[in-house]
Amino acid sequence: ILNVEQSPQSLHVQEGDSTNFTCSFPSSNFYALHWYRWETAKSPEALFVMTLNGDEKKKGRISATLNTKEGYSYLYIKGSQPEDSATYLCASRSGANNLFFGTGTRLTVIP
Amino acid sequence: NAGVTQTPKFQVLKTGQSMTLQCAQDMNHEYMSWYRQDPGMGLRLIHYSVGAGITDQGEVPNGYNVSRSTTEDFPLRLLSAAPSQTSVYFCASSPGTINTYEQYFGPGTRLTVT
């Protein structure tokens, strides 16, 4: 079992603010780090899959970085919009062909 | 493409009953998996399959069986339902190794065991 931790658990930001969250994972035997966006009453949708130390990925206003040596990844949202309100999940693979998910960061963007 | 489909959407079972949660995908994905989502916990892997005829246990396999006779279908069987299996179940598929490919999730099945 892999201990994947996300912080904060929840946050509220004003529309237009930029924000970021953290995902921590064991750095030993690292294979991959996934980020998903999960809107209420829907199913998780993939944002990024990252494998290399120093990886940076971007999709619109959302970007992510990866540090496999110290075991963390940051997800950034620039200029938050109400439609960004969702729970953001990260998951790490280490060893066996399993993904271990964190409990997520619930983002609320206030108009 | 319908993507990943799951049936039923909702189900109520009595303790001891058995049932099968259905999952199908039409994307020709090799990798399929079942997760459960419980309050305050991350998605936890129950079973997964890397291709037809191949299945393996995840983090929480007890009380569940799976089979993968075709690429498209990956049913999850509860042999004797227990209240501890009350949860939301998600099926997911991926084109290949989860090192490189994201997972596509189905809409979920909400199961209540009384």
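Calculation notes
- Residues numbered from 1 in each chain as written.
- Chains lettered and ligands numbered in written order.
- Predicted model: local features only at pLDDT ≥ 70, side-chain atom pairs only at ≥ 80, totals over all residues.
- Heavy atoms only, no water.
- Disulfide = S-S within 2.5 Å.
- Helix = DSSP H or I, 4+ residues; strand = E, 2+ residues; numbered from the N terminus.
- Buried < 20%, exposed > 50% of the residue type's maximum accessible area, 1.4 Å probe, protein only.
- Pairing = 2+ DSSP bridges.
- Phe/Tyr/Trp six-rings, centres within 6.5 Å; stacked < 30°, edge-to-face > 60°.
- Core = buried A, V, L, I, M, F, W, Y, C linked by side-chain atoms within 4.5 Å.
- Contact = heavy atoms within 4.5 Å.
- Buried area = accessible area lost by both parts, 1.4 Å probe.
- Polar contact = N/O pair within 3.5 Å; in protein donor to acceptor, adjacent residues only side chain to side chain.
- Nonpolar A, V, L, I, M, F, W, Y, C, P; charged D, E, K, R; others polar.

## Overview of the state of the cysteines
The final tally for this structure, using the stated rule, is 2 disulfides over all chains. Across the disulfide from C23 of chain A sits C90 of chain A; the S-S distance is 1.9 Å. In this structure the cystine formed by C23 of chain A and C90 of chain A twists about its S-S bond by roughly 80°; its chirality is therefore right-handed. Of the two residues, C23 of chain A sits in strand 3 (residues 19-24) while C90 of chain A sits in strand 9 (residues 86-94), which places them 67 residues apart along the sequence. No difference in accessibility class separates C23 of chain A from C90 of chain A, as the two residues are buried. What pairs with C23 of chain B in a disulfide is C91 of chain B, and their sulfur atoms sit 1.8 Å apart.

## Quick look at the pairing of strand 5 (residues 44-51) of chain B
All names here are of chain B. Strand 5 sits mainly inside the fold: 7 of its 8 residues count as buried. Here 5 bridges tie strand 4 (residues 31-37) to strand 5, and the two strands are oriented antiparallel to one another. Bridge pairing in strand 5 links R36 to R44. Connecting the antiparallel pair strand 4 and strand 5 is a turn made up of 6 residues, with G40 showing a positive phi of about 80°. Summarising the sheet, strand 5 and strand 6 (residues 54-57) pair through 3 bridges and their orientation is antiparallel. Its bridge partner being in strand 6, H47 is matched across the sheet by Q57. Between strand 5 and strand 6, which pair antiparallel in sequence order, lie 2 residues; one of them, G53, sits at a positive phi of approximately 85°.

## Notes on the packing of aromatic side chains
Evaluation of the coordinates by the stated rule reveals 13 aromatic pairs over all chains. Taking the centre distance of 6.1 Å and the plane angle of 70° together, the rings of Y74 of chain A and Y76 of chain A count as edge-to-face. On the basis of relative accessible area, Y76 of chain A is assigned to the partly exposed category, the value being 30%. Judged by centre distance (5.8 Å) and plane angle (40°), the ring pair of Y35 of chain B and F105 of chain B falls under tilted. Of the two residues, Y35 of chain B sits in strand 4 while F105 of chain B sits in strand 10 (residues 104-105), which places them 70 residues apart along the sequence.

## Section: the nonpolar core
If you look at the biggest cluster of nonpolar residues, it comprises 24 residues, and the most contacted ones within it are W35, F48, L75, Y88 and L107 of chain A. Residue assignment for this core shows that the elements contributing at least two residues are strand 2 (10-14), strand 3, strand 4 (30-38), strand 5 (45-50), strand 7 (62-67), strand 8 (72-77), strand 9 and strand 11 (105-110) of chain A. Among all residues touching L107 of chain A, those that are not within four sequence positions of it are L11, V13, T19, F21, I77, D84, S85, A86 and Y88 of chain A. V4, W34, I46 and L76 of chain B belong to the second largest nonpolar core, which has 19 residues in total.

## A closer look at the interface of chain A and chain B
Each partner contributes to the interface: chain A provides 20 residues, whereas chain B provides 24 residues. Both sides of the chain A and chain B interface together cover about 1700 Å² of buried area, and 60% of this is carbon and sulfur. Linking chain A with chain B are 2 residue pairs in polar contact (both at pLDDT 80 or more), by the criterion used here. Listed by contribution, the elements that provide at least two residues to the side of chain A that touches chain B are strand 4, strand 5, strand 9 and strand 10 (99-101) of chain A. Broken down by element, the side of chain A that touches chain B gets its largest block of residues, 5 residues, from strand 4 of chain A. Taken together, the residues of the side of chain A that touches chain B break down into 12 nonpolar, 7 polar and 1 charged.

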